[in-house]
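# Observations on the model geometry
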Amino acid sequence: MKLMNDVQEATSPATSLSGPATCVSKVELRVSCKALLDRDTLNKSDPCVMLMVQTNGQWTELDRTEVIKSNLHPVFAKVFSLDYYFEEVQKLRFEVYDIHGTHSIGTRDDDFLGGVECTLGQIVAQKKMVKPLLLKYGKYAGKSTITVHAEEISGNNGYVELSFCAKKLDDKDLFSKSDPFLEIYRINDDETEQLVHRTEVIKNNLNPVWEPFKVSLISLCSCDEDRKLKCLVWDYDSRGKHDFIGEFYATFREMQKISSGNKVTWDCVNPKYKQKKRNYKNSGVVILSDLKLHRVYSFLDYIMGGCQIHFTVAIDFTASNGDPRNSCSLHYINPYQPNEYLKALIAVGEICQDYDRFVNLLSLSRGSSVSHDFAINFNPEDDECEEIQGVVEAYQNCLPKIQLYGPTNVSPIINRIAKLAAGDGNIKDASRYHILLILTDGVVTDMADTREAIVRASYQPLSIIIVGVGNADFTDMQILDGDDGVLRSPKGEPVLRDIVQFVPFRDFKTASPAALAKCVLAEVPKQVVEYYSHKAISPMCPVRDLHTPILSPVATTPTE
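What counts and how
Each chain has its residues counted from 1, following the order in which its sequence is written. Reporting in this predicted model follows two pLDDT cut-offs: at least 70 for local features of residues, and 80 or more for side-chain atom pairs to be given and counted; totals over whole chains, interfaces and linings ignore these cut-offs and use all residues. For the side-chain quantities, the full set of heavy atoms in the structure was used; hydrogens and water were omitted. UniProt positions are given in the numbering used here, feature names are shortened, and annotations may be inferred rather than shown by experiment. One bridge is not enough; two strands pair if DSSP finds at least two bridges between them. Under the scheme used here, helices are H or I runs from DSSP no shorter than 4 residues and strands are E runs no shorter than 2 residues, and both carry numbers assigned from the N terminus. Axis angles are defined between N-to-C directions and span 0 to 180 degrees, where every axis is a line fitted to C-alpha atoms and, for a helix, only to the segment in contact. Only one rule defines a salt bridge in this text: a Lys or Arg side-chain nitrogen within 4 Å of an Asp or Glu carboxyl oxygen. Categorising residues by exposure relies on relative accessible area from a 1.4 Å probe, with only protein chains included: less than 20% of the type maximum marks a residue as buried, more than 50% marks it as exposed, and the intermediate range marks it as partly exposed. In this scheme the handedness of a crossing depends on how the near helix is turned from the far one: anticlockwise by less than a right angle means left-handed, clockwise means right-handed. What makes two residues a contact is simply this: any of their non-hydrogen atoms within 4.5 Å. Centre distance within 6.5 Å is the pairing criterion for rings of Phe, Tyr and Trp, where only the six-membered ring of Trp is used; planes under 30 degrees apart are then read as stacked, over 60 as edge-to-face, and the remainder as tilted. Remark: a charge is flagged as sitting over a ring if the NZ atom of Lys or the CZ atom of Arg is within 6 Å of the ring centre and within 35 degrees of the ring normal. Polar contacts, as counted here, are pairs of nitrogen or oxygen atoms within 3.5 Å of one another; within protein the pair requires one atom able to donate a hydrogen and one able to accept it, and residues that are adjacent in sequence qualify only if both atoms are side-chain atoms. Take the number of residues in a helix, subtract one, and multiply by 1.5 Å to get its expected span. An angle below 35 degrees is treated as roughly parallel, one above 145 as roughly antiparallel, one from 65 to 115 as roughly perpendicular, and anything else as oblique. Gly is placed with the polar residues, together with every amino acid not listed as nonpolar (Ala, Val, Leu, Ile, Met, Phe, Trp, Tyr, Cys and Pro) or charged (Asp, Glu, Lys and Arg).

As annotated in an unreviewed UniProt entry, the protein chain is Copine 7 from Lates calcarifer. According to the UniProt record, the Sequence similarities (unreviewed entry) comment for the protein chain reads "Belongs to the copine family."

## Quick look at the sheet that holds strand β16 (residues 243-250)
With antiparallel pairing, four strands are arranged side by side in an open sheet as β12-β11-β15-β16. Strand pairing shows two members of the sheet lacking a second neighbour, β12 (193-198) and β16, which therefore form its edges. With strand direction ignored, the average angle separating the axes of adjacent strands in the sheet is 25°. Across seven bridges, the pairing between strand β11 (residues 180-187) and strand β15 (residues 229-235) is antiparallel. If you follow Glu-183 over to β15, its bridge partner there is Leu-232.

## Remarks on the pattern of salt bridges
With the rule as written, the count across this model stands at 20 salt bridges. Measuring nitrogen to oxygen at the nearest pair gives 3.4 Å for the salt bridge that ties Glu-225 to Arg-253. Of this pair, Glu-225 sits in the loop between α4 (217-221) and β15 while Arg-253 sits in helix α5 (residues 252-255), and the two are 28 residues apart along the sequence. For Arg-253, a relative accessible area of 41% gives the class partly exposed.

## Looking at the packing of helix α8 (residues 340-352) against helix α13 (residues 513-521)
Where α8 contacts α13, the axes come no closer than 9 Å and their chain directions differ by 65°. Along this stretch, α8 crosses α13, giving a crossing that reads as right-handed. Across the interface between the two elements, Ala-344, Ala-347, Val-348, Ile-351 and Cys-352 from α8 touch Pro-513, Leu-516, Ala-517, Val-520 and Leu-521 from α13.

## What about the sheet that holds strand β18 (residues 285-294)?
Strands sit in the order β14-β10-β18-β17 across an open sheet of four strands; the sheet is antiparallel. Edge positions in the open sheet fall to β14 (213-216) and β17 (264-267), since each of these has one partner strand only. The mean angle between the axes of side-by-side strands here comes to 35°, regardless of whether they run parallel or antiparallel. Two elements, strand β10 (residues 159-167) and β14, share four bridges in a ladder whose sense is antiparallel. For Tyr-159, the partnering residue across the bridge sits in β14 and is Ser-216.

## Some thoughts on the packing of aromatic side chains
Counted according to the given criterion, the structure contains 14 aromatic pairs. Each ring, one from Tyr-97 and one from Phe-112, has its centre 5.5 Å from the other, and the planes form 55°; the classification is tilted. Taken together, the residues Tyr-97 in strand β6 (residues 91-98) and Phe-112 in strand β7 (residues 111-119) connect sequence positions 15 residues apart. Of the two residues examined, Tyr-97 and Phe-112, each falls in the buried class. When the centroid spacing of 5.9 Å and the interplanar angle of 65° are considered together, the rings of Tyr-297 and Tyr-302 count as edge-to-face. Three or more aromatic residues joined by ring pairs make a cluster, and in this case those are Tyr-297, Tyr-302, Tyr-433, Tyr-531 and Tyr-532. Across the ring face of Tyr-249, the terminal group of Lys-228 is positioned such that the distance to the ring centre comes to 5.7 Å. Across the ring face of Tyr-273, the terminal group of Lys-277 is positioned such that the distance to the ring centre comes to 4.3 Å.

## Overview of the side chain of Asn-321
Along the chain, Asn-321 turns up in the loop between β19 (308-315) and α8. Owing to a relative accessible area of 2%, Asn-321 belongs among the buried residues under this scheme. Among the polar contacts made by the side chain of Asn-321, one reaches the main-chain carbonyl oxygen of Asp-316 at a distance of 3.3 Å. Engagement of the side chain of Asn-321 in a polar contact is seen with the side chain of Tyr-341, the distance being 2.5 Å. Each residue touching Asn-321, except ones within four places of it in the same chain, is listed here: Asp-316, Ser-329, Leu-330, His-331, Tyr-341, Leu-404 and Asp-441.

## Here we look at the environment of Leu-437
You can see Leu-437 is positioned in strand β22 (residues 432-440). Considering only alpha carbons, one finds Leu-437 and Ile-466, 29 residues apart in sequence, at a separation of 5.9 Å. In contact with Leu-437, other than residues within four places in its own chain, are Phe-311, Thr-312, Val-313, Ala-314, Leu-345, Val-348, Ile-465 and Val-467.

## Quick notes on α8
Taking 1.5 Å of rise per residue, the 13 residues of α8 would be expected to cover 18 Å, and the 18 Å separating its terminal C-alpha atoms lies within 8% of that figure. By the criterion of burial, α8 is predominantly enclosed, with ten of the 13 residues buried. Here α8 has its buried residues at Glu-340, Tyr-341, Leu-342, Ala-344, Leu-345, Ala-347, Val-348, Gly-349, Ile-351 and Cys-352. Packed against the buried residues of α8 are β19, α9 (387-398), β22, β23 (462-468) and α13.

## Focus on unusual backbone geometry
Phi is mostly negative for residues that are not glycine, and the peptide bonds are mostly trans. Here Lys-127, not a glycine, exhibits a phi torsion of approximately 70°, which is positive. Mapping Lys-127 onto the fold places it in the loop between α3 (120-126) and β8 (128-134). Positive phi is not limited to glycine here, since Ala-536 has a value of about 55°. Structurally, Ala-536 is set in the loop between α14 (524-534) and β25 (548-551).

## Some words on the environment of Ser-512
Locating Ser-512 in the fold gives a position in the loop between β24 (500-504) and α13. For the pair Ser-512 and Ala-347, spaced 165 residues apart in sequence, the C-alpha to C-alpha distance is 8.9 Å.

## Some words on the packing of helix α10 (residues 411-422) against helix α11 (residues 447-457)
In contact at an axis separation of 9 Å, α10 and α11 are set at 15° when each is read in the N-to-C sense. Considering their axes alone, α10 and α11 lie roughly parallel with respect to each other. Crossing geometry of α10 relative to α11 is assigned as left-handed. Between α10 and α11, the residues in contact are Ser-411, Ile-414, Asn-415 and Ala-418 and Asp-449, Thr-450, Ala-453, Ile-454 and Ala-457, respectively. Tallied by class, the residues present in the contact of α10 with α11 amount to five nonpolar, three polar and one charged.

Here it is in structure tokens:
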């Protein structure tokens with residue numbers, strides 16, 4: 001008979017698996033170069049790579065590699081370790097120098113062999129980035145190239161399900177058999193002990209079989225397979241004065257020796273008995289009868305495995321924005337300062353353009369004279385734009401050619417991108433994930449249809465970001481966000497997962513563009529992992545492309 005009691009209730013700190021433990025993603029970068037310029041007269045260059053990071057517009061040195069003597073094709077042993085944030089533009093610069101002597105880089109004796117600027121997002125999206133080295137004023141450094149390899153080291157890599165039993169435990173009770181339970185402690189670097197799991201009590205049984213339990217690898221062993229685990233077996237006492245049966249030490253590496261048909265066993269030893277009794281062997285044996293390792297993938301696992309981020313921009317061109325030729329219009333192009341649409345577009349787009357993206361829009365959904373999702377470059381056969389600069393140019397070029405008109409209908413564009421994300425309806429790999437950025441100035445006129453569309457879209461690999469431009473009432477948008485409760489369709493069906501993030505631009509008017517991007521994109525990595533975890537889909541091998549579509553979700557009438 002099993003007893004769930006105060007011993008079991010104390011288990012919660014280490015065994016709760018409501019969600020994987022979160023930690024900052026860390027990335028390791030490894031660097032090599034080829035065909036470096038030879039600046040030395042008598043022998044070859046002695047290269048070293050300096051890694052610079054940009055903070056508040058200023059470049060500062062983060063770290064540098066070792067110097068490799070007389071080598072034009074160096075492979076550096078130094079590993080750069082950086083924290084990674086999807087929602088930020090993390091600008092990096094690699095500078096290669098030919099080092100003379102033991103002094104620091106930057107003196108006149110050092111020769112600059114070339115450099116390259118990029119973002120951490122670009123590196124992790126490609127996993128292996130190869131770029132030509134440039135000298136001052138953008139001149140190529142001959143045929144010199146630098147290669148940067150990225151690898152995630154977040155440490156949060158899953159959880160394990162363990163099944164323990166024991167045999168021939170010592171009998172500590174006078175009139176009945178022992179009531180055993182098992183405790184597992186992780187021994188930390190400072191030699192302190194952290195309770196990882198406490199099993200339930202098995203009453204009146206010297207050969208107990210405890211219930212299987214799940215624990216994250218971070219909790220179990222801090223993701224260190226060789227970390228010592230101290231395991232204690234007790235005879236339960238209702239007054240709290242449990243009798244010690246025995247102990248043993250294990251590691252997760254030992255546990256993984258279990259294979260089909262085989263079990264891992266440990267002698268359960270009472271040190272006092274071992275010291276006093278000459279023929280003492282053990283106070284029973286504890287057996288690991290089953291081990292199931294469950295991998296929990298991170299956002300970077302999917303991105304570096306080849307998942308492409310497809311970025312679609314949808315801009316509100318309804319009449320409420322005002323005539324773009326009027327300086328009071330939200331679409332007015334001021335030659336000295338970008339409008340709010342452009343500011344939001346650039347802030348979010350600069351992040352997303354670092355990641356592979358490709359979208360194929362084959363048809364447009366039009367009414368007789370009003371379009372709710374036309375291509376802003378007016379090319380339905382190829383509505384893609386080259387990176388964020390192409391999107392900005394398409395937006396600026398279309399303004400003189402359209403007449404603002406009609407209600408703000410958001411559901412058509414959500415349905416369209418959700419259908420695109422769904423593909424043939426049978427998603428089997430993590431090859432693509434869609435982000436839809438909607439920039440709008442007003443109240444949604446098709447609220448019921450939009451709620452229905454979002455509920456349907458929550459089943460697809462799609463995240464929706466809505467930025468409210470201007471000073472309108474955005475109450476409906478807050479409802480779509482779902483932060484105050486679960487969003488439901490008009491029929492009461494809840495979303496499968498929260499996929500909408502709404503932010504009013506006015507809250508960030510005095511903040512930096514990076515602050516807006518960080519706010520609206522911070523949830524995307526979690527949403528990507530949630531979708532593929534729900535579908536039980538693992539990362540795949542890389543496939544690449546670089547394009548961005550830009551659409552309008554709302555009613556407009558193109559002019560001739």
